[in-house]
Structures are given as structure tokens and as C-alpha cells.
Amino acid sequence: MAFGGFPAPPSTDRLDETETYDGTSWTEVNDLNTGRASLGASGSGPQTATLAFGGATGPSTNVDDTESWDGTNWTEVADLNNARFNLAGFGVQTAAIAVGGTAPTQGTESWDGSSWTAGNNLNTVRANASAAGIQTAGLAFGGNPSTASTEEFNGTSWTESNALPSARGSGAGSGTQTAALAFGGNLPGALAITHGYDGTNWSTRPSLATARGYLGGCGTSIASLAIGGSINPAPANIKNATEEFTGETTSLNLKTITDS
């Protein structure tokens, strides 16, 4: 799924559109209740069960809104304790983690299916981090101020692990704590680089065909999607490219985004 985000200039709105991907093409479905960009989301759930949280409804206007997707509609549920945007998220619809974000912050919140609870902070303050995993075995890596820091989450606390080969923020992540993918980002300047994590170390994977930051990502370490994004500075030069990662190669598909 893809939802929210920035429209192409000159518009300064924040999008409420939602689209689902069937392996070939994108289809517009029901909108978010609150249009916003730079939001967090649960990343391990199926297409019929997703959580969207935080984000910005305008320049530096951060929100605490949380919405739950049931495969057809978005429903407003309990708010984050701390409003923020440029945050990372991982987990599933009923057990998710929200972490980091602007100012930047170290803050972590845990979702139990009905409410958010504040938890232990990241060791490294950051916004625009990438994330992967589930609530009890998560991963946060990269972020701004530009960092290569990687941290593992055990459901309670964060532990520093081996760093990314290079610092970056505003990239995307997918997979699990022991088999993750990091792709795209900004150094500043749009990046196409991709790295895989085996639970201990990062190593090089095939690069994106279209260099970009501020993109969405989902899937596993051997079957992922890279969605949308922008060439820095965001939100200028918005991209609607979708790329599929198969573990060895990438393929590029383009779709024109239209309002429902």
C-alpha cells in the first residue's frame, strides 16, 4: 500500500490518497481521513491491515493522528502521545512501533491495538530513519542528521549494532531484524544505493534504477517495493516510480498518480 505524501509542485497540499498494488498496477481506494506527509506506518502487516500514524498536515505542522485500515476504509483510533512527523514505523496493525521523528527525537511509542505507550528511547537522536521488523524484534537505521547508526529493538530497549556502510537519511527499509533491506535516501543528494542486513552486518545489494529519497518501502529482503520519493530538496522533483526488488535485480514501472 501507498498512502499520504506530497503532491507534485506547485501544490503545497498534503495528500489523503491511498493506493494498493496487485503486483502489476496501482489502484486508488478510499482516502485517509487526514491528508498528511512524512508519516509513519506499520510495515509488516498485510495489505488488508495497516496502521498510519503521525505526519504533517502542512509546513512544520505535526499531528498525533492514528488511523487503522481494514482493507476497505480508514478509521480514526487513539492518538500518539507525542505529535511528530518524519518518524519511522514498523510492526503490524495490532502491535506497532513509532520511533524518532522531528524535532529530531529519540522517542519510542508502542501500539497494542488500542493505545500508545511511551517506551525506551533510541540511543541516537534522529528523524527520517528507516525501519524494519516486528514490535519485539525491530530495526532502525540511518536518519537525519545524516547518520549510519543501526539499532536493534527487543520490544523493550534499543541496542547499537553494526552501522550502515555509509550515512544517509530519508531512505526506505523492509524485511525483518535478521534479514532487512535499506534502499535510497539522501546524503544530501538523492541516492540509489541498496544494502542488506543479515542480523549482524550490512552488505551491498543491487542499486535502485531511480535515485531518490523520501520514498516508501515494503516487503522482505528478497522481494521489496520502492515507491515514489523525491530528488532533494523535497518536495521538489516528486517521483511516481515503483521498483520491484527480487534479490538480484530491480525493474522500474511508472504510474501517473491521479485523484480518486
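Look a little higher up for the structure.
As a starting point, this report considers the structure included with it.

### Remarks on the overall build of the protein chain
A count of helices and strands for the protein chain gives zero helices and 25 strands. Projecting the C-alpha coordinates of the protein chain onto the three principal axes gives extents of approximately 45 × 40 × 30 Å. Taken across its 260 residues, the protein chain has 48% of its residues classed as buried. Here the analysis covers contacts within the protein chain between residues at least 6 apart in sequence; of these, 43% occur between residues at least 24 apart. Working note: accessible area of the protein chain is about 10500 Å², and carbon and sulfur atoms make up 50% of it.

### With respect to the packing of aromatic side chains
In the structure shown here, the tally under the stated rule is 10 aromatic pairs. Centroid distance F90 to W158: 6.2 Å. Interplanar angle 90°. Geometry classified as edge-to-face. Residue F90 is located in strand β10 (residues 88-92), and its partner W158 is located in strand β17 (residues 158-161); the two are separated by 68 residues in the primary sequence. Across the pair, exposure class does not vary: F90 and W158 are buried alike. Plain terms: the ring middles of W111 and W116 are 5.2 Å apart, the flat faces sit at 45° to each other, and that makes the pair tilted. A connected cluster of aromatic rings, assembled from ring pairs, spans F3, W69 and W74.

### Remarks on the pattern of salt bridges
Under the definition given, this model contains four salt bridges. Of the charged contacts in the structure, one is a salt bridge between E67 and R36, with a shortest N-O distance of 2.9 Å. Linking E67 in strand β8 (residues 66-69) with R36 in the loop between β3 (26-29) and β4 (40-41), this pair joins segments that are 31 residues apart in sequence. One exposure class covers both E67 and R36, and it is buried.

### A few points about the side chain of R84
Here R84 lies in the loop between β9 (74-77) and β10. For R84, a relative accessible area of 3% puts it in the buried group. Among the polar contacts made by the side chain of R84, one reaches the main-chain carbonyl oxygen of N82 at a distance of 3.5 Å. Here G100 takes part through its backbone oxygen, which lies 2.9 Å from a polar atom of the side chain of R84. When neighbours within four sequence positions are excluded, R84 is seen to be in contact with G54, G55, N62, V63, A98, V99, G100, T102, T105, G107, T108 and E109.

Conventions we followed
- Residues numbered from 1 in each chain as written.
- Predicted model: local features only at pLDDT ≥ 70, side-chain atom pairs only at ≥ 80, totals over all residues.
- Heavy atoms only, no water.
- Helix = DSSP H or I, 4+ residues; strand = E, 2+ residues; numbered from the N terminus.
- Buried < 20%, exposed > 50% of the residue type's maximum accessible area, 1.4 Å probe, protein only.
- Contact = heavy atoms within 4.5 Å.
- Areas by Shrake-Rupley, 256 points an atom, 1.4 Å probe, with all protein chains shown as cover.
- Phe/Tyr/Trp six-rings, centres within 6.5 Å; stacked < 30°, edge-to-face > 60°.
- Salt bridge = Lys/Arg side-chain N within 4 Å of Asp/Glu carboxyl O.
- Polar contact = N/O pair within 3.5 Å; in protein donor to acceptor, adjacent residues only side chain to side chain.

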